[in-house]
Amino acid sequence: MPALPLDEAGKYVAGAYVTLFSFVVLYLSIMASKVARIERELTDLADLSERDKAPGETPDETRDGEPVG
Amino acid sequence: MYSKGLKPVSIATVVVVAIWLAMVFFYAPLDADQGFVQKIFYVHVPLAIVALCGFVAGGIFGLLHLRSRDRSYDMKSYVAIHMSIIFGCVVLITGAIWAKAAWGHWWVWDEPVLVSFLVVFLLYCVYYPLRFSIEDPDRQARYSSVFAIAAGAFVPINFAAVRMAESFTHPRVLSQTGGSMPGEMRLTFFVGILAVTLLFVTLWKFEMTSKNASMQLKRLRRRLEATA
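Residues numbered from 1 in each chain as written. Chains lettered and ligands numbered in written order. Predicted model: local features only at pLDDT ≥ 70, side-chain atom pairs only at ≥ 80, totals over all residues. Heavy atoms only, no water.

Chemist: What's the story with the overall build of chain B in this structure? I'm lost.
Modeler: For chain B, the helix and strand inventory stands at seven helices and zero strands. Listing each helix as α and each strand as β along chain B from the N terminus yields α-α-α-α-α-α-α. Here the C-alpha coordinates of chain B stretch approximately 70 × 35 × 30 Å along the principal axes. Relative to its 228 residues, chain B shows a buried fraction of 49%. In chain B, of all internal contacts separated by at least 6 residues, the share reaching a separation of at least 24 is 75%. A total accessible area of about 11,300 Å² is found for chain B, and carbon and sulfur atoms account for 68% of it. In chain B, which carries 21 positive and 13 negative side-chain charges, the distance between the mean positions of the two groups comes to 11 Å. (Helix = DSSP H or I, 4+ residues; strand = E, 2+ residues; numbered from the N terminus. Buried < 20%, exposed > 50% of the residue type's maximum accessible area, 1.4 Å probe, protein only. Contact = heavy atoms within 4.5 Å. Areas by Shrake-Rupley, 256 points an atom, 1.4 Å probe, with all protein chains shown as cover. Lys, Arg positive; Asp, Glu negative; His and termini not counted. Charge placed at Lys NZ, Arg CZ, Asp CG, Glu CD.)

Chemist: Honestly, the nonpolar core in this entry has me stumped. Any pointers?
Modeler: Soluble, globular proteins show a tendency: their nonpolar side chains are buried together. One finds Trp20(B), Ile40(B), Tyr42(B), Met83(B), Phe87(B) and Tyr124(B) to be the most contacted residues of the largest nonpolar core, which totals 69 residues. Secondary structure elements with two or more residues in this core: α1 (6–51) of chain A together with α1 (6–27), α2 (41–68), α3 (71–103), α4 (112–125), α6 (137–164) and α7 (183–227) of chain B. Take this core: its biggest share by element is 16 residues, from α3(B). The residues contacting Tyr42(B), other than those within four sequence positions of it, are Tyr17(A), Trp20(B), Val24(B), Ala28(B), Met185(B), Thr188(B) and Phe189(B). In this structure, Ile38(A), Leu48(A), Leu217(B) and Leu224(B) belong to the second largest nonpolar core, which totals five residues. (Core = buried A, V, L, I, M, F, W, Y, C linked by side-chain atoms within 4.5 Å.)

Chemist: Which parts of the structure should I look at to understand a positive patch on the surface?
Modeler: A grouping of Lys218(B), Arg219(B), Arg222(B) and Arg223(B) is seen on the molecular surface, where their side chains present a positively charged patch. In this structure, Arg222(B) sits in helix α7. (Patch = residues over 30% accessible without salt bridge, like charges linked within 9 Å, V, L, I, M, F, W, Y side chains within 5 Å. Salt bridge = Lys/Arg side-chain N within 4 Å of Asp/Glu carboxyl O.)

Chemist: I keep staring at the packing of α4(B) against α6(B) and nothing clicks. Help me out?
Modeler: Helix packing geometry: the angle between the two helix axes and the distance between the axes. Residues and elements named next belong to chain B. The geometry of α4 relative to α6 is characterised by a closest axis approach of 10 Å and an angle of 175 degrees between their N-to-C directions. Put simply, α4 runs roughly antiparallel to α6. Contacts between α4 and α6 involve Pro112, Val113, Ser116, Val119, Val120, Leu123 and Tyr124 from the former and Phe147, Ala148, Ala151, Gly152, Phe154, Val155, Asn158 and Val162 from the latter. Its residues assigned to classes, the contact of α4 with α6 shows twelve nonpolar, three polar and no charged. (Axes fitted to C-alpha atoms, helices over the stretch in contact; angles between N-to-C directions. Parallel < 35°, antiparallel > 145°, perpendicular 65-115°, else oblique. Nonpolar A, V, L, I, M, F, W, Y, C, P; charged D, E, K, R; others polar.)

Chemist: Mind showing me how you'd approach the environment of Lys100(B) here?
Modeler: Along the polypeptide, Lys100(B) turns up in helix α3. Those residues in contact with Lys100(B), other than ones at most four positions away along the chain, are Tyr12(A), His105(B) and Trp106(B).

Chemist: Would you take a moment to explain a nonpolar patch on the surface for this structure?
Modeler: Residues and elements named next belong to chain B. On the surface, a cluster of nonpolar side chains totalling about 260 Å² of accessible area is made up of Ile11, Val15 and Ile19. Relative to the elements of secondary structure, Ile19 occurs in helix α1. Judged by relative accessible area, which is 43%, Ile19 ranks as partly exposed.

Chemist: Would you explain the packing of aromatic side chains in this entry?
Modeler: Both the distance between ring centres and the angle between the ring planes are used here to describe each pair of aromatic rings. All names here are of chain B. Evaluated as defined, the whole model comprises 18 aromatic pairs over all chains. Between Tyr124 and Phe147, the ring centres sit 6.1 Å apart and the planes meet at 90 degrees, which makes this aromatic pair edge-to-face. Here the residue Tyr124 occupies a position in helix α4, and Phe147 occupies one in helix α6, the gap between them amounting to 23 residues. In this pair, the class of Tyr124 matches that of Phe147, namely buried. Seen from their ring centres, Tyr127 and Tyr128 are 6.3 Å apart, and the 70 degrees between their planes marks the pair as edge-to-face. Tyr128 gets classed as partly exposed once you look at its relative accessible area, which sits at 21%. (Phe/Tyr/Trp six-rings, centres within 6.5 Å; stacked < 30°, edge-to-face > 60°.)

Chemist: It is not clear to me how unusual backbone geometry should be interpreted in this structure. Could you clarify?
Modeler: If a residue is not glycine, its phi is most likely negative; likewise, a peptide bond is most likely trans. Residues and elements named next belong to chain B. You will see that Arg69, though not glycine, has its phi angle at about 60 degrees, which is positive. Secondary-structure assignment places Arg69 in the loop between α2 and α3. Look at Arg69 and you get exposed, because its relative accessible area is 53%.

Chemist: How should I be thinking about α6(B) in this particular structure?
Modeler: It helps to recall that an α-helix has 3.6 residues per turn; residues three or four apart then point in one direction. Residues and elements named next belong to chain B. Helix length check: α6 (28 residues) gives 41 Å between terminal C-alpha atoms against 40 Å at 1.5 Å per residue, within 8%. Burial in α6 covers these residues: Gln140, Ala141, Ser144, Ser145, Phe147, Ala148, Ala151, Gly152, Val155, Asn158 and Val162. Those residues of α6 that are buried lie in contact with α2, α3, α4 and α5 (127–132). (Expected span 1.5 Å × (residues − 1).)

Chemist: Explanation requested: the interface of chain A and chain B in the structure shown.
Modeler: The parts lose accessible area when they come together, and the size of an interface is often stated as this lost area. Each partner contributes to the interface: chain A provides 30 residues, whereas chain B provides 40 residues. Summed over both partners, the interface of chain A with chain B comes to about 3,100 Å²; 78% of that surface belongs to carbon and sulfur atoms. Measuring nitrogen to oxygen at the nearest pair gives 3.2 Å for the salt bridge that ties Lys34(A) to Glu207(B). Among the residues making up the side of chain A that touches chain B, the classes are represented as 21 nonpolar, four polar and five charged. (Buried area = accessible area lost by both parts, 1.4 Å probe.)

Shown next, in the form of C-alpha cells:
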C-alpha cells in the first residue's frame, strides 16, 4: 500500500487524536455538572439541618464555647 | 474514600500523556508502508487494549461482589464497564478513521479484529438496559455481576479466536516473536498503553468518587428527613 501524502493523512491523524480528547473533555464537563449538583444538594442539606434546629437552640459553634469567626 | 490518591494519579496521567504525544509526533519514525497515517495506531490500539482489560476488570469485580456480597464491588464493576464503553466508542471511531485513511473504507466487515471488537462493544451495550431495568438494588447488583462475569470471560475468548483466525490485516504487535515494530515504535506504543491505562484509572477513580459522594448525600438526606 503506498504511503499517503502528509497533507491528506494529517486530517485523519488529527481527527483520531481530536476524537480522543473531545471525549475526555466531554466526560470532564459531564462530571463537572455532577459535582455542581452534589454541591447544590449539600447546600440544601445544610439549610435543612439549620431549619431543623429548635428555635431556642444554641448554634453548634458556640455550644462548646469555641470562638466564632 | 475513592478520592485517595486521585491527585497524584491525575498528575501522573497528564505528565505521561504529554510524553506519549511528544513521542508519537517527534520520536517514533514514520511507517514505511502507511506513512503519517500509522500515527493513529498509537492511539487506537492502546485504547482498544485498555478498554478490553477494563471489561475483564468489570468481570473480576463482579466475581468479587458475588463472593463477598459487598456492594462496593458492584459499583466498581459498573464504573469499569462504563469507562470501557466510553473508551470503546473512541476505539470504534478512531478505527473507522484509520480504516478510511488506510483502506479507503470507513468499515470493513471481513476484518475479524474490527468485527470482533464491535461484537464485544455491542454485547456490553446490553449491560445498561439490563442493569437499569431492575429496581431492587440487590437483584440489580447480582444480575449485573453475573452479566459482567459472563461477558468478561467472553473477552479473552474472543481475543484468542481472532488470533487463531487466518486473515490478519492489523499488524501483530504483541506476538511471541516480538511483532514487526522497530524499537522506537515499540517504546512509543508501550508508553501509549501506560498513558491510556493511567487515563482510565484516573477517570475511573473520578467517577467512583462522584458516585460515592452522591450515595453519601442520599444517605444523609434520608437521615435528616427522617429526623425532621
